[in-house]
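# Commentary on secondary and tertiary structure
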Amino acid sequence: MDQFCFSVDTSSPAGSIAIHRFHSNESAELLATTEWTRKKSHSDVITVLSQQTLKDAGLSVHDINYFACGCGPGSFTGIRVGLNLVRAFAYATNKPIFTINSLRVLAEPSLKNDGPPIYLMMNAFKNLIYFAAYQKKNDIVSEIHSPSALTLTQIETSICTPGLGLGSAIDLYKSDFSEKLNQTLTVDNHKSQYPQALDLGQICHKNLEKSNLFNWKEAKALYIRASEAEEKLKDGSLKPAPKL
């Protein structure tokens, strides 16, 4: 029997929603997708765009069998918007949630069998970069470097094999790349530099039997570094409000 998957990623300024039909013949058909860019919170538009994407697919939220979410790393507020959306849907429909890190989502369309490594670099601010690396061999995707928040210097020591670089941090830091890194990293500006829900849906389809599915309480965000508020509390620059 065919099943339906609702996917969302709001970990970056480029938010997206996709709905796939998972056919019984093991193929995944894209029914509808919506993409947008927000400099501020995705919360202002996520509800309306979710309803519109469901309408475009000819479905209601109760028709969905799986909810998929890119769980970060990325914008702290952005991650919560997408995750809270699928948690609310999963709670209302009693359906499972599939989560995977958003850097893995960004890598998906570029992973080729026996191809070069894919290096993902997303801006983490504070002179840090969210970094991860993946490679596909014999139809199996391997994690070469797990998602981390690193400096550019740390990343340069982590990249030894020539590969493809993707992500919003590349443009931001390219002028600071060493000659060695410029020679090792191939950049394709025609490819998306942000995770997309349509790729997330494909990953969900390929990994349903291999990955854990979560209920609405269990699905968690991937926060690699402390938020700005947590950093200020730690260094003492943010004081608790005085008691009244």
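Thresholds applied
- Residue indices follow the written sequence of each chain, beginning from 1 at its first position.
- Side-chain atom pairs in this predicted model are given and counted only at pLDDT of 80 or more, local residue features only at pLDDT of at least 70, and totals for whole chains, interfaces and linings cover all residues.
- As a convention, hydrogens and water are excluded, and side-chain values are obtained from all of the structure's heavy atoms.
- Each residue's exposure class comes from its accessible area (1.4 Å probe, protein chains only) as a fraction of the maximum for that residue type: buried when under 20%, exposed when over 50%, partly exposed otherwise.
- The numbering of helices and of strands both runs from the N terminus, where a helix is a DSSP run of H or I of at least 4 residues and a strand a run of E of at least 2.
- The criterion for strand pairing is that DSSP finds at least two bridges linking the strands in question.
- Here, nonpolar core refers to any group of buried Ala, Val, Leu, Ile, Met, Phe, Trp, Tyr and Cys residues whose side-chain atoms link them within 4.5 Å.
- Only heavy atoms enter the contact rule, under which two residues are in contact if any of them lie within 4.5 Å.
- Stacked, edge-to-face and tilted labels apply to pairs of Phe, Tyr and Trp rings (six-membered ring for Trp) whose centres lie within 6.5 Å, assigned for plane angles under 30 degrees, over 60, and everything in between, in that order.
- In this scheme, the term charge over a ring applies when either NZ of a lysine or CZ of an arginine sits within 6 Å of the ring centre and within 35 degrees of the ring normal.
- Axis lines are fitted to C-alpha atoms, over the contacting stretch for helices. Their N-to-C directions set the angle, which ranges from 0 to 180 degrees.
- What makes a salt bridge here is a side-chain nitrogen of Lys or Arg within 4 Å of a carboxyl oxygen of Asp or Glu, nothing more.

### Quick word on the pairing of strand β6 (residues 118–125)
Here β6 lies mainly inside the structure; seven of its eight residues are buried. Of the pairings in the sheet, the one linking β6 to strand β7 (residues 128–137) comprises seven bridges and is antiparallel in character. Bridge pairing in β7 links Tyr119 to Ala133. Here β6 folds back onto β7 in antiparallel fashion, the turn holding two residues, of which Lys126 has a positive phi close to 55°. Examined bridge by bridge, β6 and strand β9 (residues 163–166) share three bridges and lie parallel to one another. Bridged to Leu120 within β9 is Leu166.

### Describing the nonpolar core
Formed by 24 residues in total, the largest nonpolar core has its most connected members in Phe6, Val8, Ile64 and Phe67. Contributions of two or more residues to this core are made by β1 (3–9), β2 (14–22), β3 (28–37), α1 (46–57), β4 (66–70) and α2 (76–93). Among the elements that take part in this core, α2 stands out by supplying six residues, more than any other. The residues touching Phe67, leaving out its near neighbours within four places in the chain, are Phe6, Val61, Val86, Phe89, Ala90, Thr93, Lys95, Pro96, Ile97 and Phe98.

### What about the environment of Ile97?
By the element assignment, Ile97 lies in strand β5 (residues 97–100). For Ile97, a relative accessible area of 0% translates into the label buried. For the pair Ile97 and Pro147, spaced 50 residues apart in sequence, the C-alpha separation works out to 21 Å. If sequence neighbours within four positions are ignored, Ile97 has contacts with Phe67, Val86, Arg87, Ala90, Leu213, Phe214, Asn215, Trp216 and Ala219.

### Observations regarding the packing of aromatic side chains
Describing an aromatic ring pair means giving the distance of the ring centres and the angle of the ring planes. Tallied over the entire structure, the rule returns seven aromatic pairs. Both rings, one in Tyr119 and one in Phe131, keep their centres 6.3 Å apart while their planes meet at 10°; by these two values the pair is stacked. Separated by twelve residues along the polypeptide, Tyr119 in strand β6 and Phe131 in strand β7 bring together distant segments of the chain. Taking the relative accessible area as the measure of exposure, Tyr119 reaches 3% and is therefore buried. Joined through ring pairs, the aromatic side chains of Phe6, Phe67 and Phe89 make up one cluster. Here the guanidinium or amino end of Arg104 rests over the ring plane of Tyr134, the centre of that ring lying 6.0 Å away.

### Description of unusual backbone geometry
Cis geometry is found at the peptide bond from Gly72 to Pro73, where omega equals 10°. Along the chain, the position of Pro73 falls in the loop between β4 and α2. Even without being a glycine, Asp114 presents a positive backbone phi close to 60°. Structurally, Asp114 is set in the loop between α3 (102–107) and β6. Phi angles above zero are rare outside glycine, and Asp139 is one such case at about 65°. One can find Asp139 in the loop between β7 and β8 (140–150). Residue classification places Asp139 among the exposed residues on the basis of a relative accessible area of 56%.

### What to know about the sheet that holds β8
Read from one edge to the other, the open sheet built from five strands follows the order β8-β7-β6-β9-β10, with strand pairing classed as mixed. Edge positions in the open sheet fall to β8 and β10 (185–187), since each of these has one partner strand only. Each strand axis lies, on average, 25° off the axis of its neighbour in the sheet, ignoring direction.

### Here's the deal with the pattern of salt bridges
In this structure the tally under the stated criterion is five salt bridges. For Arg21, the salt bridge goes to Asp2, with nearest N and O atoms at 3.9 Å. Taken together, the residues Arg21 in strand β2 and Asp2 in the segment before β1 connect sequence positions 19 residues apart. For Arg21, a relative accessible area of 25% gives the class partly exposed. Residue Asp2 is classed as partly exposed on the basis of its relative accessible area of 27%. Of the charged contacts in the structure, one is a salt bridge between Glu108 and Lys206, with a shortest N-O distance of 2.6 Å. Taken together, the positions of Glu108 in the loop between α3 and β6 and Lys206 in helix α7 (residues 197–207) put the pair 98 residues apart, joining distant regions of the chain. For Lys206, a relative accessible area of 44% puts it in the partly exposed group.

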